[in-house]
Amino acid sequence: MSSPIALTVRGRGPAILWIHAFPVSSRLFVSQFAIDGYRHIAPDLPGFGASASAPFPHSLDAAADQLLAMMTDVGESQFVAAGVSMGGYIALALLRRAPERLRGLMLCDTRETADTDEARQNRMKQIERIEREGAGFLAAEMLPNLVSNHADDSVRTRVRAMIQEASPSGITASLRAMASRPDSTEDLRRSDVPLLLVTGSEDTITPPSEAKRMASLRRAQLAEVDRAGHLACLEQGPAFNEIVSSFLGSI
Ligand code: MLT
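Now for a look at the structure at hand. These numbers come from a predicted model, not from an experiment.

The subject of this paragraph is the overall build of the chain. The secondary structure content of the chain amounts to 10 helices and seven strands. In terms of overall dimensions, the chain is globule-like: its C-alpha atoms have a radius of gyration of 16 Å, near the 18 Å expected for 251 residues. Here the C-alpha coordinates of the chain stretch approximately 50 × 45 × 35 Å along the principal axes. The burial tally for the chain puts 57% of its 251 residues in the buried class. Looking at the chain alone, contacts between residues at least 24 apart form 76% of all its contacts between residues at least 6 apart. Roughly 10500 Å² of accessible area belongs to the chain as shown, and the carbon and sulfur atoms make up 48% of that amount. Mean positive and mean negative side-chain charge positions of the chain (26 and 30 charges, respectively) differ by 2 Å.

Right, here's the structure in full:
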């Protein structure tokens, strides 16, 4: 069955599924496609990037099911899943729904817990604002939290462009799906899939303390990327890739 998800596929070797953050796209991973010896598969989630016209699923677990079907379509029964922030929530849903398909899990600038009541209320306010005035304000509002003060202009321009491509309905549907996601603590604790936890040292949305808490739940490799914010993989691509390559080499 053909999938509504636009895909970037690069390289040859064992597959890595790269799942992007909110509200950007697969171009978040341009630097990672240079990691040699792997087949990089990076979808634009529905509502984002080249999939902007597709509807975002009603839940993150449903988004995970869509990605599992897409990986079957591209001939990959097993793969390493890597998720940044919202992509990490979806990677945890993959772990819940199909642990047997994961050779490894890389959780980047993300957390395993569900939203607090306050976070949920903030998402609802953001949804109301987007429904009232459109999503034009989002890039300027979010950019300072997505990258650190060290990010150069090309990184900022790239992030802004990705946010501007997202559809308002994709943004609001994914906010609703994030607000209703379950806690994944037990899924993570019970799993023995090789695990890498990596965070930008200056991430203010999911600070390094979140990864440290996840690391306390079970055996994991834990790393920080210096001089990077929430989108560490884009902001400090070579340093991030070194951490990822060392993890991939160990599994
Ligand atoms: C993301 O980067 O995907 C978001 O910050 C995640 C969230 O809003 O919880």
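After that view of the structure, there is still more to cover.
The next thing to look at is the site of the ligand. All residues in the neighbourhood of the ligand are listed as Ala21, Phe22, Ser85, Met86, Tyr89, Arg123, Met178, Ile205 and His230. Within the backbone of Phe22, a nitrogen or oxygen atom sits 2.7 Å from an oxygen atom of the ligand. At 2.8 Å from an oxygen atom of the ligand is found a main-chain nitrogen or oxygen belonging to Met86. Isolated, the ligand exposes 270 Å² of accessible area, and the fraction of that covered by the protein chains is 91%. Here the shell around the ligand is composed, by residue class, of six nonpolar, two polar and one charged.

Bringing the side chain of Glu210 into the picture now. Within the secondary structure, Glu210 sits in helix 8 (residues 208-217). Note on Glu210: relative accessible area 12%, which makes it buried. Side chain to side chain, Glu210 and Arg213 meet in a polar contact 2.9 Å long.

Criteria and cut-off values
Starting from 1, residues in each chain are numbered consecutively following that chain's sequence as written. Totals for whole chains, interfaces and linings use every residue, but because this is a predicted model, local features are given only for residues with pLDDT of at least 70 and side-chain atom pairs only at 80 or more, for both listing and counting. Side-chain numbers here rest on the full set of heavy atoms in the structure, without hydrogens or water. What counts as a helix is a DSSP run of H or I of at least four residues, what counts as a strand is a run of E of at least two, and both are numbered from the N terminus. Taken over C-alpha atoms, the radius of gyration is set against a globule rule of 2.2 Å times the number of residues to the power 0.38. Exposed residues in this analysis have more than 50% of their type's maximum accessible area, buried residues have under 20%, and partly exposed residues fall in between, with area computed by a 1.4 Å probe over protein chains only. Contacts between residues were defined by any pair of non-hydrogen atoms, one from each residue, lying within 4.5 Å. Computed with the Shrake-Rupley method and a 1.4 Å probe, the accessible areas treat only the protein chains shown as cover for residues. In this charge count, Lys and Arg are treated as positive and Asp and Glu as negative; neither His nor the chain ends contribute. Positions of charges follow a simple convention, taking NZ of Lys, CZ of Arg, CG of Asp or CD of Glu. The near set for a molecule or strand comprises every residue that places at least one heavy atom within 4 Å of it. Polar contacts here mean pairs of N or O atoms no more than 3.5 Å apart (in protein, one a potential hydrogen donor and the other a potential acceptor; neighbouring residues in sequence count only if both atoms are side-chain atoms). Nonpolar residues are Ala, Val, Leu, Ile, Met, Phe, Trp, Tyr, Cys and Pro. Charged residues are Asp, Glu, Lys and Arg, and all others, Gly as well, are polar.

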